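Read off the chains here:
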Amino acid sequence: MAHNIMIQGTMSGAGKSLLVTALCRIFCEDGYRAAPFKSQNMALNSYITQDGLEMGRAQAAQAEAAGLLPDVRMNPILLKPTSDVGSQVIVNGKVRGQYRAADYFKMKKSLIPDILSSYHSLGRENDILVIEGAGSPAEINLKADDIVNMGLAKMVDSPVILVGDIDPGGVFAQLYGTIALLEPEERKRIRGTVINKFRGDAEILRPGLQMLEELTGVPVLGVIPYTDADIDDEDSLSGRLNRRTHEKPIDIAVIRLPRISNFTDFAPLEEHPLMGVRYVSSRSELGRPDMIILPGTKNTMGDLRWLRESGLEGQILRLASADTPVLGVCGGFQMLGKAISDPCGVEEGGEIAGMGLLPVKTSFSGEKMRTRVRASVVAGPFAGAVLSAYEIHMGRTIAEEGTEPFAETEPESPKKESAGYVDGAYAGNVFGTYLHGLFDSGELTERLAEYLCTRRGIDTAAYKPESRAAYRERQYEKLAKCVRESLDLERVYRIIFEGRN
């Protein structure tokens, strides 16, 4: 059975996911079989595995850093918020149902067998499991039914490293206060603390580190500097969503919907030397971009109403009529159609008019589409781009006769009864698709860059962007190098292996 180490944080956004990613890469570099594990994840960035199951995108990135294929066992429970008080609950990669927060709180202990089954199954195949907590272990109102922080650490008998974020200030209070609020048995599991996202000379922290160790009785294992390694983000706390300007020739405006999901789709565009991506949440920010993207969302109808009420819909329609290209992905594609209906109450029930930019209509049903596909884009300027992508959506979209599709697709692992089908729609300067990860292969990215640059009279010949795979590998290496140089890894290994045969 695998050894383990758990990374918990003083709060959401402390850097747990990045530290787990770094440790997965470091352990892999050091010759160990290491796998990530997060029992319960709340995030709208998700991923579809090779066997058609849904998991958190952060755990997929951690698996990639460890040299593994993403596996739903690494994230057995995924919560996808659909409102301020409710979430879609996904267990072992499949939708279990829609639950209000209070109802989920009552039933979550029943999911412990699913959590432990995944954990032990992974443990039989690996040397080290790197476990990620969620939020803070000191949420004293939630501790009685905890299945993701100290409750999980106890179930799998794992030592814990506690991470605090110094960037917003108050990191010593974060770490000391968190430990002080734990039960005595829980405190014993904290084997080290880490200060994350430090900018400056770590020597100036020395007196504080010594005092923190004296107050808590727990060693500080390292001070990790702020790093610009570009790793897929967990959720809407991502700093990239605050990017309001661009410094590259091409200006791409992604609408920051209230329930935005899978914004990692656009990371390859951010990496391109010619395309600048910014996130827009008001009319005053939109301006006249070279392209507008409507991203995925976990509440298409509610976010379309927000788009309408904010005045952004009218502005987008005016720009589209003036020939500005518009791309809708998943929920954004559904918004671009003529109408959206929800006869089963999957989101809000009823029907709402769409933006009318594409001749399609969407109807929601209780069955979720989850599949990985191979696709060949057939939409006008992008025709011929070959993609490996995935679909995650509740709606079924029907196009009017004669509508040009965005792509032709077939399942990546076709069964005998499987058949190819068309995806999305295309009309002039407006494009819609259900395909997530559509820019990952690089082919569509380059065709998009050529299309937008040609419209602006920009020569692309001198630009040779790095492949997506090479870029991601370089980011994992950069992150691992930073953590390796900043963390007392010898002590970390002792924490993992001491007392175990």
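Residues numbered from 1 in each chain as written. Predicted model: local features only at pLDDT ≥ 70, side-chain atom pairs only at ≥ 80, totals over all residues. Heavy atoms only, no water.

A.B. asks: Report on the layout of surface pockets, specifying residues and quantitative values.
C.D. replies: Size it by volume and the second largest pocket reaches roughly 420 Å³. Put simply, the parts of the chain that give the lining of the second largest pocket at least two residues each are helix H2 (57–65), strand E22 (386–399) and helix H15 (468–486). Taken together, the residues that form the lining of the second largest pocket break down as 10 nonpolar, 4 polar and 8 charged. (1 Å grid on protein atoms, 1.4 Å probe; cavity = no way out; pocket = protein on both sides within 12 Å on 5 of 7 lines; lining within 4 Å. Points joined across faces, edges and corners; volume = space filled by probe spheres on them. Helix = DSSP H or I, 4+ residues; strand = E, 2+ residues; numbered from the N terminus. Nonpolar A, V, L, I, M, F, W, Y, C, P; charged D, E, K, R; others polar.)

A.B. asks: Any chance you could break down the pairing of strand E10 (residues 160–165) for me, citing the residues and the numbers?
C.D. replies: Counting buried residues along E10, 6 of its 6 residues qualify, which places the element largely inside the surrounding structure. Of the pairings in the sheet, the one linking strand E1 (residues 3–9) to E10 comprises 4 bridges and is parallel in character. By the bridge assignment for E10, Gly-9 is matched with Val-163. (Buried < 20%, exposed > 50% of the residue type's maximum accessible area, 1.4 Å probe, protein only. Pairing = 2+ DSSP bridges.)

A.B. asks: Just give me the short version of the sheet that holds strand E8 (residues 94–100), but keep the residues and values in it.
C.D. replies: Strand order in the open sheet formed by 4 strands is E3-E6-E7-E8, with mixed pairing between adjacent strands. The sheet terminates laterally at strand E3 (40–42) and E8, the two strands that pair on one side only. Neighbour to neighbour, the strand axes of the sheet diverge by 25 degrees on average, direction disregarded. (Axes fitted to C-alpha atoms, helices over the stretch in contact; angles between N-to-C directions.)

A.B. asks: Talk me through the pattern of salt bridges; I want residue IDs and the actual numbers.
C.D. replies: Considering all chains together, one arrives at 34 salt bridges under this definition. Residue Asp-228 is joined to Lys-478 by a salt bridge in which the shortest nitrogen-to-oxygen separation is 3.3 Å. Note that Asp-228 is positioned in the loop between strand E12 (220–225) and strand E13 (250–255) and Lys-478 in helix H15, a separation of 250 residues in sequence. Residue classification places Asp-228 among the exposed positions, given a relative accessible area of 59%. Put simply, Arg-308 and Glu-313 hold a salt bridge, and the shortest N to O gap is 2.8 Å. (Salt bridge = Lys/Arg side-chain N within 4 Å of Asp/Glu carboxyl O.)

A.B. asks: So what's going on with the packing of aromatic side chains? Which residues, and what values?
C.D. replies: Across all of its chains, the model carries 11 aromatic pairs by this definition. Ring geometry for Tyr-426 and Phe-431: centres 5.2 Å apart, planes at 5 degrees, overall stacked. Classification of Phe-431 as buried rests on a relative accessible area of 0%. Their ring planes at 10 degrees and their centres at 6.2 Å tell us that Tyr-493 and Phe-497 sit as a pair that is stacked. Taken together, the positions of Tyr-493 and Phe-497, both in helix H16 (residues 489–497) and 4 residues apart, correspond to about one turn of that helix. Here the aromatic residues Phe-27, Tyr-32, Tyr-493 and Phe-497 are joined through ring pairs into a cluster of three or more. Note that Arg-199 overlies the ring of Tyr-226, its terminal NZ or CZ placed 3.8 Å from the centroid. (Phe/Tyr/Trp six-rings, centres within 6.5 Å; stacked < 30°, edge-to-face > 60°. Lys NZ or Arg CZ within 6 Å of the ring centre and 35° of its normal.)

A.B. asks: If you had to explain the sheet that holds E12 to someone new, which residues and values would you point to?
C.D. replies: Note on sheets: strands pair through backbone hydrogen bonds, and any given pair is parallel or antiparallel. As summarised here, the arrangement of the 6 strands in space is E2-E9-E1-E10-E11-E12, forming an open sheet in which the pairing is parallel. In this open sheet, the two strands that pair with only one neighbour each are strand E2 (34–37) and E12. Across the sheet, the axes of successive neighbouring strands diverge by a mean angle of 20 degrees, strand direction being ignored. Bridge analysis of strand E11 (residues 190–198) against E12 gives 4 bridges, and the strand direction is parallel. Within E12, the residue paired with Ile-195 across the bridge is Val-223.

A.B. asks: A description of empty space enclosed by the protein should follow, citing residues and the corresponding values.
C.D. replies: This model, assessed by the stated rule, comprises 2 cavities of 30 Å³ or more. The computed volume of the largest cavity comes to approximately 40 Å³. In terms of lining residues, the largest cavity is bounded by Met-291, Leu-327, Phe-382, Phe-406, Leu-438, Phe-439, Leu-444 and Leu-448. Of the residues assigned to the lining of the largest cavity, the class counts are 8 nonpolar, no polar and no charged.

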